[in-house]
Amino acid sequence: MTKPIQIKNLTIGAGIPKICVPLTGTSREKICQEAEEAKKAAADLVEWRADFFEELMNPEACQNVLEALAEILGETPLLFTIRTSEEGGNITISLEDYAACNINTAKGKKADLVDVEIMSNSEEKKKLVAELQKEGVKVIASSHDFHKTDSQEILLNRFREMEKSGADILKMAVMPHGFEDVAAIMEATNAMRQECEKPLVSMAMGSIGSITRISGENFGSGITFGTVGAASAPGQFPIGELRSLLDALHEKNEEDELKQ
Ligand SMILES: O=C1C[C@@](O)(C(=O)O)C[C@@H](O)[C@@H]1O
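Residues numbered from 1 in each chain as written. Predicted model: local features only at pLDDT ≥ 70, side-chain atom pairs only at ≥ 80, totals over all residues.

A. Region of the structure containing the environment of Ile31. Here Ile31 lies in helix H1 (residues 28-40). Ile31 gets classed as buried once you count the C-beta atoms within 10 Å, which come to 21. When the C-alpha positions of Ile31 and Gly216 are compared, they lie 28 Å apart, and in sequence the two are 185 residues distant. Residue contacts for Ile31: discarding those within four places in its chain leaves Leu23, Gly25, Trp48, Phe53 and Val65. (Helix = DSSP H or I, 4+ residues; strand = E, 2+ residues; numbered from the N terminus. Buried ≥ 20, exposed ≤ 12 C-beta atoms within 10 Å, placed from the backbone. Contact = placed C-beta atoms within 7 Å.)

B. Just the site of the ligand, in detail. By nearness alone, 16 residues border the ligand, and Pro22, Ala173, Phe225, Ser232 and Ala233 come closest of all. For the shell around the ligand, the secondary-structure elements that each account for two or more residues are strand E4 (45-49), strand E7 (138-145) and strand E8 (169-174). (Near = placed C-beta within 6 Å.)

C. Structural detail: helix H3 (residues 95-108). Across its 14 residues, H3 extends 20 Å between first and last C-alpha, which sits within 8% of the 20 Å expected from 1.5 Å per residue. Among the residues of H3, Tyr98, Cys101, Asn102, Thr105 and Ala106 are the ones counted as buried. Relative to the axis of H3, the buried residues are bounded by an arc of 130 degrees and lie together on one face. At its buried positions, H3 is contacted by helix H2 (59-73), strand E5 (78-81), strand E6 (113-117) and helix H4 (122-134). (Expected span 1.5 Å × (residues − 1). Arc of directions from axis to C-beta.)

D. Geometry of the UniProt feature "binding site: 3-dehydroquinate" (unreviewed entry) in the protein. UniProt records the feature "binding site: 3-dehydroquinate" (unreviewed entry) for Glu47, Trp48, Arg49, Arg83, Arg213, Ser232 and Gln236 in the present numbering. Relative to the assigned elements, Arg83 resides in the loop between E5 and H3. Sequence-distant contacts of Arg83, that is, excluding residues within four places in its chain, are made with Arg49, Asp51, Gly88, Gly89 and Asn90. Tracing the backbone shows Ser232 in the loop between strand E10 (223-227) and strand E11 (237-238). Sequence-distant contacts of Ser232, defined by excluding residues within four places in its chain, comprise Pro22, Thr24, Arg49 and Phe225. (UniProt positions renumbered as here; feature names shortened; annotations may be inferred.)

E. Spotlight on the packing of H3 against H4. Here H3 crosses H4 at 15 degrees, and the two axes come no closer than 10 Å. Comparing the axis directions of H3 and H4 gives the class roughly parallel. Judged by the sense of rotation from one axis to the other, the crossing of H3 with H4 is right-handed. Packed against H3, whose contacting residues are Leu95, Ala99, Asn102, Ile103 and Ala106, the element H4 presents Glu124, Leu128, Glu131 and Leu132 at the interface. Looking at the contact of H3 with H4 residue by residue, the class counts come to six nonpolar, one polar and two charged. (Axes fitted to C-alpha atoms, helices over the stretch in contact; angles between N-to-C directions. Parallel < 35°, antiparallel > 145°, perpendicular 65-115°, else oblique. Left-handed = near helix turned anticlockwise from the far one by under 90°. Nonpolar A, V, L, I, M, F, W, Y, C, P; charged D, E, K, R; others polar.)

F. Just the nonpolar core, in detail. Counting 70 residues, the largest nonpolar core has Val46 and Ala167 as the members making the most contacts within it. Per element, the largest residue contribution to this core is six residues, and it comes from helix H6 (residues 179-195). Residue contacts for Val46: discarding those within four places in its chain leaves Cys20, Val21, Leu23, Ala35, Ala38, Leu73, Thr76, Leu78 and Leu79. (Core = buried A, V, L, I, M, F, W, Y, C linked by C-beta atoms within 7 Å.)

G. Just the UniProt feature "active site" (unreviewed entry) in the protein, in detail. The positions UniProt marks with the feature "active site" (unreviewed entry) are His144 and Lys171. For this annotated set, covering 28 residues, all C-alpha atoms fall within 8.5 Å of each other, a compact arrangement in space. Mapping His144 onto the fold places it in strand E7. Accessibility expressed as a C-beta count within 10 Å gives 21 for His144, which makes it buried. Excluding anything up to four places from it in sequence, His144 contacts Glu87, Gly88 and Ala173. Along the polypeptide, Lys171 turns up in strand E8.

This is how it looks when you write it as structure tokens:
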């Protein structure tokens, strides 16, 4: 059974999946403008995809953006993510630089959550998770397969591996090539929530995977990524549509609960 996590006023892992809006601007100005729009659109949380930032390797410039974002977002939680090219992102970066950027962010105390790609260099990443948590941020362990979807059993075992990292939330994204792949990630998530207390996040990307972005309440995914401007992965819905779809499904689920 999932034990929900509280970040500021947001509960992750219970009820309607929370909508996370990614910011993909390359400059401070563009990133802040996107954050203003995400806030106006009532995002539940915001992800700064720092791998798009042209000054990622400059710690002062990063801190500067984080301070501006915290100011704009107020009580809306901020997730810091460096998505590497190996997992579908925009930057090729050494493990040392990856760790240093994430630790600087946590030390700056402006981000609430940090994403750690957990499946590569797992032992070093495990240490990084613990260091980040010591600085007071929650960690999302993530894994992305932009090419395919492994079997349900392999996906479930991957979730189990990810749990050993000690991260607070486990997130997995896969690329489906047919509905059986979409069903595999949904069922692996559903099975994992029976044996793990951590909130889970999962999605199948692309158009056939879009169903996973609206039905997390039914199979156990606690966050869904929706757009205000540019998408950060294929298959994401604009935030307005996403909110209506999540609400409609939630109402149906409540009807069923009333009948029982
Ligand atoms: O991990 C994820 C999920 C994601 O890849 C998606 O498919 O919505 C989008 C990314 O921005 C985020 O970091």
